[in-house]
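# Commentary on secondary and tertiary structure
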Amino acid sequence: MTLTIVVVLHDSAGPLPALLASLARLPAPPQLIVVDTASSDEGPALARAAGAEVVELGANPGFGAANNAGVERARHEVTVLLNPDCELVDGALAGLAARAADGRLWVPRLLDPDGSVQRSAHPLPGTVGALLPAVLHPPLLPRGLRERAEPYRSERPRSVGWAIAACLAARTEVLRRLGPFDARQFLFYEDMDLCLRARAAGIPTVLDPSVRVRHLGGHATLRDGEPHALLARRRRKVVAAHRGAAAAALDDLAQGLTFATRAAARRALGRGAVRERAQLAALLRARAK
């Protein structure tokens, strides 16, 4: 099927050529819309040379607002939101797009550059079930419980609570009805917000692990290290807005237990736990405000 692909750039010239070259693996050329958010590099020029329709916003209104601008220009039944630091390994994205014609949000399995599976699909936040894997290392859980705790490991298509939107396919009219993103949010957890709003509207998010996409991850947002404080605040805000205060409190507890037990395990193994301690400290500060 013919589909629309929307890619948002912000100083993304580094990984972009790999993505553009990989689109040739699709069985038919897509409508490629590239939205540039005031890049200072050659990303827009590279996209034009590859035949993309380039939309230059002249400013950076945020990831969500830029994707929304791209979806507005889509001409086909299904649109795929695709990060510039992704690379198709084959033409299977076309099949994912065809399945997305059913009205659900579909995501592929994301792979690290070395081929390992990324933690890209997650359970619903703010549930009692999230407490067990927070205190017990998931590989120690029975297979069924482990897959519920870590749905990205599934080997069959399954609904998930939310997924990283580095690659997400849906009917264009569904995306437009959803926003798709909340343009008021500049960065981080836009994908959780989208999936939770879709779920409230009766639209599930489905992982198809048979479709694989390489994802570098965080090329534009983590250059100066992980913004733990902002991540903690944004997650808490999104969960509370869509799941309520009780669910937000449960999610805080699950997150805090996860960070604390991981830090303790790493210390017991003689490894550093700087990241886990920073995550826990950021969560505690966010709760105190």
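Treat the numbers as computed from the prediction; the structure is a model and nothing was measured.

### Section: the overall build of the protein chain
Within the protein chain, the secondary structure is distributed over 11 helices and 11 strands. What you see for the protein chain is a C-alpha radius of gyration of 19 Å, in line with the 19 Å of a compact globule of 289 residues. Considering only C-alpha atoms, the protein chain reaches an extent of 50 × 40 × 35 Å along its principal axes. Of the accessible surface of the protein chain, which amounts to about 12,900 Å², a share of 55% is contributed by carbon and sulfur atoms. One finds the centroid of the 38 positive side-chain charges in the protein chain at a distance of 8 Å from the centroid of its 28 negative side-chain charges.

### Some thoughts on unusual backbone geometry
With an omega dihedral of -5°, the bond running from Gly179 to Pro180 counts as a cis peptide bond. Mapped onto the secondary structure, Pro180 falls in the loop between helix H7 (172–178) and helix H8 (190–200). Of note in this structure, Ala38 is not a glycine but carries a positive phi near 60°. For Ala38, the location among the structural elements is in the loop between strand E2 (31–36) and helix H2 (43–49). Its identity is not glycine, yet Tyr189 carries a phi of approximately 65°, on the positive side. Within the element layout of this structure, Tyr189 appears in the loop between H7 and H8. When its relative accessible area of 16% is taken as the criterion, Tyr189 is described as buried.

### A look at the nonpolar core
Judged by nonpolar contacts, the single largest core of 32 residues is most densely connected at Ile5, Val80 and Leu82. Residue contributions to this core peak at 4 residues, all from helix H4 (residues 93–99). Aside from chain neighbours lying at most four places away, what touches Leu82 is Ile5, Val6, Val7, Val8, Leu19, Leu23, Leu88, Ala166 and Cys167. Within the second largest apolar cluster, 25 residues are counted, among which are Val55, Leu81, Val174 and Ile203.

### What to know about the pairing of strand E6 (residues 105–111)
Taking burial as the measure, the 7 residues of E6 include 7 buried ones, the bulk of the element. Of the strand pairs in this sheet, E6 and strand E11 (residues 205–215) are connected by 7 bridges, and their pairing is parallel. Residue pairing for E11: Val107 is matched across the bridge by Leu207.

### A closer look at the environment of Met192
Along the chain, the position of Met192 falls in helix H8. Considering only alpha carbons, one finds Met192 and His122, 70 residues apart in sequence, at a separation of 9.3 Å. Excluding residues within four positions of it along the chain, Met192 makes contact with Pro125, Trp162, Arg235, Val238 and Val239.

### Quick notes on a nonpolar patch on the surface
Among the surface-exposed residues, Leu132, Val135, Leu136, Leu140 and Leu145 lie close enough to one another that they form a single nonpolar patch of about 410 Å² accessible area. Inspection of the secondary structure assignment puts Leu136 in the loop between helix H5 (131–135) and helix H6 (143–149). A residue is classified by how much of its surface remains accessible, and Leu136, at 32% relative accessible area, is partly exposed.

### Regarding the pattern of salt bridges
Applying the stated criterion to the full structure yields 22 salt bridges. The salt bridge involving Arg25 is made with Glu87; its shortest N-O contact spans 3.6 Å. You can see Arg25 sitting in the loop between helix H1 (16–22) and E2 and its partner Glu87 sitting in strand E5 (residues 86–88), a full 62 residues away along the chain. Residue Arg109 pairs with Glu155 through a salt bridge whose shortest N-O separation is 3.3 Å. Taken together, the positions of Arg109 in strand E6 and Glu155 in the loop between H6 and strand E8 (158–160) put the pair 46 residues apart, joining distant regions of the chain.

### Quick notes on the environment of Ala47
By the secondary structure assignment, Ala47 is in helix H2. Taking C-alpha positions, Ala47 is 9.7 Å from Val7, a pair spaced 40 residues apart along the chain. Beyond its immediate chain neighbours, meaning those up to four positions away, Ala47 contacts Leu16, Leu20, Val34, Ala52 and Val54.

About the thresholds
- Residues numbered from 1 in each chain as written.
- Predicted model: local features only at pLDDT ≥ 70, side-chain atom pairs only at ≥ 80, totals over all residues.
- Heavy atoms only, no water.
- Helix = DSSP H or I, 4+ residues; strand = E, 2+ residues; numbered from the N terminus.
- Rg over C-alpha atoms; globule rule 2.2 N^0.38 Å.
- Areas by Shrake-Rupley, 256 points an atom, 1.4 Å probe, with all protein chains shown as cover.
- Lys, Arg positive; Asp, Glu negative; His and termini not counted.
- Charge placed at Lys NZ, Arg CZ, Asp CG, Glu CD.
- Buried < 20%, exposed > 50% of the residue type's maximum accessible area, 1.4 Å probe, protein only.
- Core = buried A, V, L, I, M, F, W, Y, C linked by side-chain atoms within 4.5 Å.
- Contact = heavy atoms within 4.5 Å.
- Pairing = 2+ DSSP bridges.
- Patch = residues over 30% accessible without salt bridge, like charges linked within 9 Å, V, L, I, M, F, W, Y side chains within 5 Å.
- Salt bridge = Lys/Arg side-chain N within 4 Å of Asp/Glu carboxyl O.

These figures capture arrangement, not role.
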